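# Tertiary structure, described
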Amino acid sequence: MTTAGALAAQLRAFVVDTLEDAEQAHLHGWRIPRMFAGHQVGADVRADLCFTLHHLARAGVTEVAGRPIDEIISGLLADIDGAGTHTFFSYRIAETLLERGPFEGNALLSGLSSSQAEQVALAVDSSDWLELLDAEVLPRNYAGVLARCELGRVRLGLVDDTGGLDDLVERVCGVLGANPLGALDDSNDASGRYDIYTADVWLFTEPLADRIGEVWRRGMSQALDLVLTVGGPDGSSVPWGRSTGHLSDALTLELAAFALTAGQEVPGTPEVWLRRAVDAAITLSDGFDAGGLTTAHAHRAQDAYRGPERRLQLTFDLLGKIAWAAAELRDVDPALTPASKRQAYPPIDRFVPFETDRPAGVWAHRSSGAEFVVPFVGATRSHYLPALHRPGRWEVPVDRDLPTWTPLVVDRLKRFAAGGLPASVEHRDGGVTAHWGCFVESGKGVEGEELAPPLAGSRTMDLSIDGRTIVLHDQLNFEGPPVALGMAIPEVDGAPLRVEWTVDDGEGQATVVPVDGVAEWASPWSQLSRVHQLDVDPALTVAYTARVTPLIRVGSTAPGAHYHRGMYPHVADRLVERGVPFGWDGFDDPGFRSIDLVHLHWPEWVAFDDLEAHRAIIAALDDADVPVVWTAHNLTPHEKKPEIYDAVYGAWAATAAGVIHHSVWGEARLRERYDFSDRCLHRVIPHGHFGAVWAATDPPDRAEAERRLGLSPVGLRIGIVGSPRAEKLVQEVLDGVAASQRNDVEVVCWSLRGDEVVPDDPRIALAEPYRNVDAGLYATRLAACDVLALVFDEQGKMLTTGAAGDSLGFGLPTLRSEWGYLVEHLGDAGIPVGQSAESIAAALDALTDADLDRARSAALQRRDELDWSVLAGPTADLFDEVLLGR
């Protein structure tokens, strides 16, 4: 398990490695290019790179790519563009210098000429941006940015008069202290632009905390509480609005590092914050390419002002934040271990208000059935509308005029949406109802933009949770029918949805539109793959309901098995088939984010006889809150040592949240042998048959099958098929046929283990060692048989046999022993023959055509009952129940 010390070391090494990759690929000799992929490189890149190196030094790193860090920084400062460096980048240069003392005599400047030093002094001065702040051109959070810049100049000794700093701090106090709830409306027109800066503003004003006082301490606590509420296990802090994607993950990491080292009481335990940091680090560590560049613009999108022209800047911005966190984490107890996922992300259903007088806020829901946030804030750009957000599951296009989860209304040659602050929001457990008294122009997000007059009408939206289903109900009213009206619900690639539309008032048509690779349908986290759309006929009143259910992403430990291939196609509208991210053939998926549930089949194939490896996988699944449903095919592995595998099976039994037993008899045996949790759900779901597999080969008729196999016609042909097993009594069947008084019977055996003694009897027409054959030959063998013999030791270790699926799938009667599984599974399709040569001989001698006809009729009926289309539903039901029962 990751510790705080290990995380700090991991982050430090990651930044070093990524910087070295970038230097090798794009910044040879730490020369910053003037052009990059068709865009001019700004001064911000140099400032962010210096800041990153500065924090690496704080984290204990002395050199990168074979050169001392101070030498690299000095070289970068020598070519700085003073006038082009401003705001965020000014204070980053200032704080880089401050690590080596005041400006005068600073070691980082010792090798610079006087003109170069003057450029550095100009770079830390952003006082000329005050005019833009006064003119309300800049967002309100820039008061804190400019105050931090001025603080840097004062501390560097470049400014003697602190009046400018005092005025800015007073201004910051006014901005931050205006709202008793601590939320920052970053707009200048009070439109309610609440987003990531509601939390981030407190972090980047932390150097001013002593000057701001109690307002800052209280606000920071509120910001941490907000992120604990709306952040998710994907690593995000605030998932809606601007500056999200990897910047949102980086903010989680930074806030966690602050919370772990804060000198004040903060919400959340150290273990919870460490878990949040670990989750953010997992996402961020996968966010850079082999050349050290952020992948934030590849197969995803960013806000318009963070487009590809800022690719290098965003790269070093992110690396600087990671390096800062690594430096802070050095002061944390290195032995501290993180909370589990369920501890770090407990159930919550809460409306967090951002204002006291208007219904601005965010609904945060986290339960076993669903997890998301829905913001109710100003602006009508796609990423500010009241839609579901949870990266990896619920995402929306970024910075577009593409409303989702919100109706798009077209009228008067304009596009409208029910966006901006609602007139009212009413929260209840598991649901929220919001009302808008008009439709405003869609796609607007910046104050000062000219808006079309609102479209008269109203929307009442009700969102609720029904198990794992999100239920959206909309009631729309218009003064006149609009030209066009539609609703879109986007789907994240790899996280498919089932969307069921009902038009309660009016007419409409539903469709699913592929958008994979379409640039406008990209979020800050991924490329959206499909849009579930309802196109509604315009009318004065319209009402519709959408029931949106994520498919369960099931990691199966045996995706190639006949059992898996038989069942899963019948629930493709409910389950997504995956392999597993663990074990000898697992794929890489830190945190198990690509699966919701593990479907365990044969435990021994996960990690063989390595008990500690099994335990480590189980612990990791439990830590990630990924439940296990075990289909119990065996009591213990075939031909394996019980002293080893009983412990393996016992470990999986203890962690199983659900178990599928193929018979009541088998359930009793398994539960007698192993200890299960009291919360484990046990269900008896019979094993399906494989009739479709053999039918797909177009098997021959009886006569043709005999010809192909070299067999002569006979009255009653008994087949023995399937793998040899210790419990499979092939010898007894052969001896029983040899002892029978019947002359119209023969046995064909393709299942010898190798130690049998085949009787010298012409009625044993064929006896061959077992070998795996293709489906066509196997079906031909079945077509040549009248019955199959499945005689198993009643006291064996097996719980089921797939060979029973062959006999029923082919509609064949089965000669069976009194093994409890066969008695229950075959029903009247089974003909009891005991399990000794004597009992088998006697049963054969007494067997009549009427007995065979009855068993054959029962086999056909049982085949219908055990079709995978019948059994798959209950399996998916159990998966649902397990997920909801977490």
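Above: the structure in question.
About the cut-offs
- Numbering of residues begins from 1 in every chain and follows the order in which that chain's sequence is written.
- It should be noted that, the model being predicted, local features are given only for residues of pLDDT at least 70 and side-chain atom pairs only at 80 or more, the latter also being counted only at that level, while totals for whole chains, interfaces and linings use all residues.
- Neither water nor hydrogens contribute to the side-chain values; these are computed over all heavy atoms in the structure.
- Strands here mean DSSP runs of E at least two residues long; helices mean DSSP runs of H or I at least four residues long; both are numbered from the N terminus.
- Burial classification: accessible surface area is computed with a 1.4 Å probe over protein chains only, and a residue below 20% of its type maximum counts as buried, one above 50% as exposed, and the rest as partly exposed.
- Residue contacts follow a heavy-atom distance rule, with two residues in contact if any of their heavy atoms lie within 4.5 Å.
- Method for areas: the Shrake-Rupley scheme with a 1.4 Å probe, in which residue coverage is limited to the protein chains shown.
- Positive: Lys, Arg. Negative: Asp, Glu. His and the chain ends are not part of the count.
- Every charge is mapped onto a representative atom, which is NZ of Lys, CZ of Arg, CG of Asp or CD of Glu.
- Aromatic rings from Phe, Tyr and Trp, with only the six-membered ring used for Trp, were paired whenever their centres fell within 6.5 Å, and each pair was classed as stacked if the ring planes differed by under 30 degrees, edge-to-face if by over 60, and tilted otherwise.
- Axis definition: a line fit to C-alpha positions, over the contact stretch in the case of helices; interaxial angles, taken between N-to-C directions, run 0 to 180 degrees.
- Any angle that is under 35 degrees is reported as roughly parallel, and any over 145 degrees as roughly antiparallel; angles of 65 to 115 degrees are reported as roughly perpendicular and all others as oblique.
- Crossing handedness: left-handed means the near helix sits turned counterclockwise from the far one by under a right angle, and right-handed means the same turn made clockwise.
- Should DSSP find at least two bridges between two strands, the strands are taken to pair.
- Pairs of N or O atoms are called polar contacts if they sit within 3.5 Å, as long as, within protein, a hydrogen donor faces a hydrogen acceptor (for residues adjacent in sequence, only side-chain-to-side-chain pairs).
- By construction, the arc corresponds to the directions joining the helix axis to the C-beta atoms.
- Buried Ala, Val, Leu, Ile, Met, Phe, Trp, Tyr and Cys residues that are joined via side-chain atoms within 4.5 Å together make up what is termed a nonpolar core.
- Expected span, for any helix, means 1.5 Å times one less than how many residues it has.
- Note that patches include only residues with greater than 30% relative accessible area and no salt bridge, and the join distances are 9 Å for like charges and 5 Å for nonpolar side chains (Val, Leu, Ile, Met, Phe, Trp, Tyr).
- By convention in these notes, a salt bridge is any Lys or Arg side-chain nitrogen within 4 Å of a carboxyl oxygen on Asp or Glu.

A few words now on the overall build of the protein chain. Counting secondary structure elements, the protein chain contains 29 helices and 30 strands. Considered along the principal axes of its C-alpha atoms, the protein chain spans approximately 115 × 70 × 50 Å. Burial status across the protein chain gives 58% buried among its 886 residues. Taking contacts inside the protein chain between residues at least 6 apart in sequence as the whole, the part at least 24 apart equals 69%. Approximately 33,400 Å² of the protein chain is accessible, and the part contributed by carbon and sulfur atoms is 49%. Side chains of the protein chain carry 76 positive and 130 negative charges; the gap between the two charge centres is 1 Å.

With that settled, consider unusual backbone geometry. One non-glycine residue, T87, lies in the positive phi region at around 45°. Residue T87 is classed as buried on the basis of its relative accessible area of 1%. Backbone geometry at R412 places phi at a positive 55°, although glycine is not the residue there. Within the element layout of this structure, R412 appears in the loop between β8 (408-411) and β9 (414-417).

Now for the packing of aromatic side chains. Taken as a whole and assessed by the stated rule, the structure comprises 26 aromatic pairs. Taken together, the ring pairs connect F88, F89, Y91, Y142 and F204 into an aromatic cluster.

Before going further, it helps to spend a moment on the side chain of Q313. Note that Q313 resides in helix α14 (residues 311-328). Ignoring anything within four residues of it in the chain, the contact list for Q313 reads D44, V45, D48, F89, R92 and R306.

Let us look at the packing of helix α7 (residues 142-156) against helix α8 (residues 163-177). The N-to-C vectors of α7 and α8 enclose an angle of 150°; their axes lie 9 Å apart at closest approach. Classified by the interaxial angle, the pair formed by α7 and α8 is roughly antiparallel. Relative to α8, the crossing made by α7 is left-handed. On the side of α7, the interface is formed by A143, G144, L146, A147, E150, L151 and V154, while α8 contributes G164, L165, L168, R171, V172 and V175.

Another aspect to go through is the pairing of strand β18 (residues 541-550). Most of β18 is tucked away: 8 of the 10 residues are buried. Bridge count between strand β13 (residues 469-478) and β18: 8 bridges; the pairing is antiparallel. When the bridges of β18 are listed, L476 appears paired with V542. Two elements, strand β15 (residues 497-505) and β18, share 8 bridges in a ladder whose sense is antiparallel. Looking at the pairing, W501 lines up with A546 of β18.

Strand order across the open sheet formed by 6 strands is β27-β26-β25-β28-β29-β30, with parallel pairing between neighbours. Looking at which strands have only one partner, the edges of the open sheet turn out to be β27 (764-769) and β30 (830-832). For this sheet, the mean angle separating the axes of adjacent strands, direction not counted, is 25°. Note that strand β25 (residues 716-720) and strand β26 (residues 745-752) share 5 bridges and pair parallel. Pairing of R717 across the sheet is with E746, part of β26.

Turning our eyes to something else, we now look at the environment of D845. Tracing the backbone shows D845 in helix α27 (residues 837-846). Residues D845 and S740 lie 105 residues apart in sequence; the distance between their C-alpha atoms is 6.2 Å. Apart from the residues lying within four places of it in its own chain, the contact partners of D845 are S740, Q741 and R742. A polar atom in the side chain of D845 sits 2.7 Å from the side chain of S740.

Turning to helix α5 (residues 114-123), its buried residues are A117, V120 and A123. The buried residues of α5 all sit within an arc of 110° when viewed along its axis, so they share a single face. Turned more than 90 degrees away from the buried face of α5 sit S114 and E118, all of them exposed.

A few words on the pairing of strand β12 (residues 455-466). Note: strand β11 (residues 431-441) against β12, 8 bridges, orientation antiparallel. Looking at the pairing, A434 lines up with M461 of β12. Across 10 bridges, the pairing between β12 and β13 is antiparallel. Pairing of G457 across the sheet is with F478, part of β13. Following β12, the chain reverses through 2 residues before pairing antiparallel with β13; G467 in that reversal takes a positive phi of roughly 70°.

Along the chain, G420 turns up in the loop between β9 and β10 (424-428). Along the chain, G420 and R311 lie 109 residues apart, while their C-alpha atoms are 31 Å from each other. Those residues within four positions of G420 in sequence are excluded, and the remaining contacts are V377, G378, A379, T380 and W436.

Turning our eyes to something else, we now look at the sheet that holds strand β7 (residues 371-376). The 3 strands lie next to each other as β5-β6-β7, forming an open sheet whose pairing is antiparallel. With partners counted over all chains shown, the strands left at the sheet margins are β5 (348-353) and β7, one partner each. Averaged over all adjacent pairs, the angle separating strand axes in this sheet is 10°, with direction ignored. In the sheet, strand β6 (residues 361-366) pairs with β7 via 6 bridges, with the strands oriented antiparallel. Of the residues in β7, the one forming a bridge with V362 is P375. With respect to the sheet, helix α11 (residues 214-230) is in contact with β5, β6 and β7, its orientation differing from that of β6 by roughly 45°.

Moving on: the nonpolar core. If you look at the biggest cluster of nonpolar residues, it comprises 133 residues, and the most contacted ones within it are L19, L77, L97, W273 and F354. With 11 residues, the top contributor of residues to this core is α14. Those residues in contact with F354 that lie beyond four places of it in its chain are N179, L181, A183, Y194, L226, W240, A360, G361, V362 and V377. Ranked by size, the runner-up nonpolar core spans 38 residues in total, among them V396, F416, W501 and Y544.

Attention now goes to helix α2 (residues 43-58). In this model α2 runs 23 Å from its N-terminal to its C-terminal C-alpha over 16 residues, within 8% of the 22 Å that 1.5 Å per residue would give. Along α2, 14 of the 16 residues are buried, which leaves the element largely enclosed by surrounding structure. A positive backbone phi angle near 105° is found at G60, which sits one or two residues after α2.

On the surface, W584, W605 and F608 cluster together into a nonpolar patch covering about 380 Å² of accessible area. Following the sequence through the fold, F608 ends up in the loop between α17 (604-607) and α18 (611-623). Judged by its relative accessible area of 35%, F608 falls in the partly exposed class.

With that settled, the discussion passes to the pattern of salt bridges. Per the stated rule, a full pass over the model turns up 55 salt bridges. Here D134 makes a salt bridge to R171, at a shortest N to O gap of 2.5 Å. Of this pair, D134 sits in helix α6 (residues 130-134) while R171 is found in helix α8, placing the two residues 37 residues apart along the sequence. Given the relative accessible area of 49%, D134 is considered partly exposed. Ionic pairing is found between D462 and R428, a salt bridge with its closest N-O pair at 3.0 Å. With D462 in strand β12 and R428 in strand β10, this residue pair connects regions lying 34 residues apart in the sequence. Connected through salt bridges with shared partners, the residues D48, R92, E254, D317 and K321 form a single ionic network.

Turning our attention to the environment of R553. Secondary-structure assignment places R553 in strand β19 (residues 552-556). When its relative accessible area of 9% is taken as the criterion, R553 is described as buried. Not counting the four nearest positions on each side in its chain, R553 is found in contact with R393, G494, A495, V576, R578, R593, S594, I595, D596 and L597.

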